[in-house]
Amino acid sequence: MKIYNHSYIYMPAFSMKTGTEPSLRVYYTLSDVGANQTVLFANPNFLRSIGKFWKSRGIHAKRLSTGLFLVSAALGLCEEVAIYGFWPFSVNMHEQPISHHYYDNVLPFSGFHAMPEEFLQLWYLHKIGALRMQLDPCEDTSLQPTS
């Protein structure tokens, strides 16, 4: 965890029932070892408000992606927001298969999240300058984690 310095760690403690116990375990474990990171739990009212906001903008899904929740929070908290990894298709722009999550090799499946709709909204925010969306792998070392 040291490479993440004083960063924030978002845990889905209240977004679904199965997230509460592991989220609290992470919180207490990091606290016990004196980690520098701050664990964040979203207020359930915030989660509902964000869901209604994006639904009014055309995103109709069983559940919004965690990424969209985090981008929404970042837009309210940060002066600059740069995002990567929101490509909604099963192949990248070079026709190579890509996984659904950054941490596994599972290909996307439809029906749970509305990834193409989320991508279009985020692309619009990129086009109007509200955030910066990186589509290709990052080569700018200023976007790399520091140690």
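Notes on the structure in this doc start here. (Residues numbered from 1 in each chain as written. Predicted model: local features only at pLDDT ≥ 70, side-chain atom pairs only at ≥ 80, totals over all residues. Heavy atoms only, no water.)

The side-chain alternation of strand 1 (residues 8-11) yields one buried face, formed by Ile 9 and Met 11, and one unburied face, formed by Tyr 8 and Tyr 10. In this sheet, strand 2 (residues 38-41) lies alongside strand 1 in parallel orientation, the contact comprising 4 bridges. The residue bridging Met 11 from the neighbouring strand is Phe 41, located in strand 2. As a crossover connection, the stretch from strand 1 through helix 1 (residues 17-32) into strand 2 is right-handed. (Buried < 20%, exposed > 50% of the residue type's maximum accessible area, 1.4 Å probe, protein only. Helix = DSSP H or I, 4+ residues; strand = E, 2+ residues; numbered from the N terminus. Pairing = 2+ DSSP bridges. Right-handed = clockwise from strand over helix to strand, strands pointing away.)

For helix 4 (residues 115-127), built from 13 residues, the straight-helix expectation of 18 Å at 1.5 Å per residue is met to within 8% by its first-to-last C-alpha distance of 18 Å. Of all the residues in helix 4, the buried ones are Met 115, Glu 118, Phe 119, Gln 121, Leu 122 and Leu 125. Looking down the long axis of helix 4, one finds its buried residues gathered within 165° of arc, a one-sided arrangement. Across helix 4 from its buried face, at more than 90 degrees, point the exposed residues Leu 120 and Lys 127. Structurally, helix 4 contributes buried residues whose contacts are with helix 2 (44-56), helix 3 (66-77), strand 3 (82-84) and strand 4 (132-134). (Expected span 1.5 Å × (residues − 1). Arc of directions from axis to C-beta. Contact = heavy atoms within 4.5 Å.)

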